[in-house]
Amino acid sequence: MINELNLKTVSTLVAVCALAFGIVKFVRVQEIEAAKPYLERKLAWCEEAVETASKIANSGNGSQADERRFLELYWGVMGMVEKDEITKAMIAFGEELESGEKLKSKALGIAHACRTELANDWSSSWAR
């Protein structure tokens, strides 16, 4: 009798835990789906910021059009979507853009910051 009661209790607890896990997973997926349009735009802007910074860093002084586009991103849409990691990387690159010394490492810093923030927003597997 006691073994049967314990078995039923354990079975019920396992079922409740599985149900709770399923609900939590469902809610997380729904949160991502709801945020998907925003996250896709953020990804596109991060890609553009990384590509623009990379062009500037790898072309010596960079073209004026590339520098202008970076500054548009810097003072515009990136300020709308970035969190601490990207903010720091964008500021560091902007400061180096003025002095012109370590642009390649600063451009890479933007890429790494974008990957970190997007991993936090989308999926932790991106951070690997």
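Structure report, in brief. Given the structure is predicted, the values throughout are model-derived calculations rather than measurements.

About the cut-offs
- Residues numbered from 1 in each chain as written.
- Predicted model: local features only at pLDDT ≥ 70, side-chain atom pairs only at ≥ 80, totals over all residues.
- Heavy atoms only, no water.
- Phe/Tyr/Trp six-rings, centres within 6.5 Å; stacked < 30°, edge-to-face > 60°.
- Patch = residues over 30% accessible without salt bridge, like charges linked within 9 Å, V, L, I, M, F, W, Y side chains within 5 Å.
- Areas by Shrake-Rupley, 256 points an atom, 1.4 Å probe, with all protein chains shown as cover.
- Salt bridge = Lys/Arg side-chain N within 4 Å of Asp/Glu carboxyl O.
- Helix = DSSP H or I, 4+ residues; strand = E, 2+ residues; numbered from the N terminus.
- Buried < 20%, exposed > 50% of the residue type's maximum accessible area, 1.4 Å probe, protein only.
- Contact = heavy atoms within 4.5 Å.
- Lys, Arg positive; Asp, Glu negative; His and termini not counted.
- Core = buried A, V, L, I, M, F, W, Y, C linked by side-chain atoms within 4.5 Å.

**What about the packing of aromatic side chains?**
Each aromatic ring pair is summarised here by two numbers: the centre-to-centre distance and the angle between the ring planes. Counted according to the given criterion, the structure contains three aromatic pairs. Each ring, one from Y74 and one from W75, has its centre 4.8 Å from the other, and the planes form 80 degrees; the classification is edge-to-face. A network of ring pairs unites the aromatic residues F70, Y74, W75 and F93 as a single cluster.

**Describing a nonpolar patch on the surface**
On the surface, a nonpolar cluster with roughly 400 Å² of combined accessible area is contributed by L19, I23, F26 and V27. Within the secondary structure, I23 sits in helix α1 (residues 2–58). Of the residues examined, I23 reaches a relative accessible area of 48% and is grouped as partly exposed.

**Thoughts on the environment of A107**
Counting through the fold element by element, A107 comes out in helix α5 (residues 103–121). When the C-alpha atoms of A107 and K36 are compared, they prove to be 26 Å apart, with 71 residues separating the residues in sequence. Residues contacting A107, with those up to four places away along its chain left out, are A53, S54, A57 and F93.

**Here's the deal with the side chain of D66**
With respect to the secondary-structure elements, D66 resides in helix α2 (residues 64–75). There is no salt bridge for the buried D66, and the closest opposite charge comes from K55, which lies 4.1 Å off by N-O distance. Dropping the residues within four chain positions of it, D66 is found in contact with T52, K55 and I56.

**Observations regarding the nonpolar core**
Nonpolar side chains tend to gather and get buried jointly when the protein is soluble and globular. F70, M78, I86, M90, F93 and I110 are the most contacted members of the largest nonpolar core, which totals 24 residues. Elements with a minimum of two residues in this core: α1, α2, α3 (77–81), α4 (84–99) and α5. Leaving out residues up to four positions away in the same chain, M78 has contacts with W45, C46, A49, L73, I86 and M90.

**So, the pattern of salt bridges**
Per the counting criterion, the structure on display carries eight salt bridges. The closest approach of N and O atoms between E33 and K36, which form a salt bridge, is 3.9 Å. Note that E33 and K36 are positioned in helix α1 at a spacing of three residues, about one turn of the helix. According to the relative accessible area criterion, K36 is partly exposed, its value standing at 30%. The salt bridge involving K83 is made with D121; its shortest N-O contact spans 2.8 Å. Highlighted residues: K83 in the loop between α3 and α4 and D121 in helix α5, separated in sequence by 38 residues. For K83, a relative accessible area of 43% puts it in the partly exposed group. When salt bridges with common partners are traced through the structure, they connect K42, K83, E117 and D121 into a single cluster.

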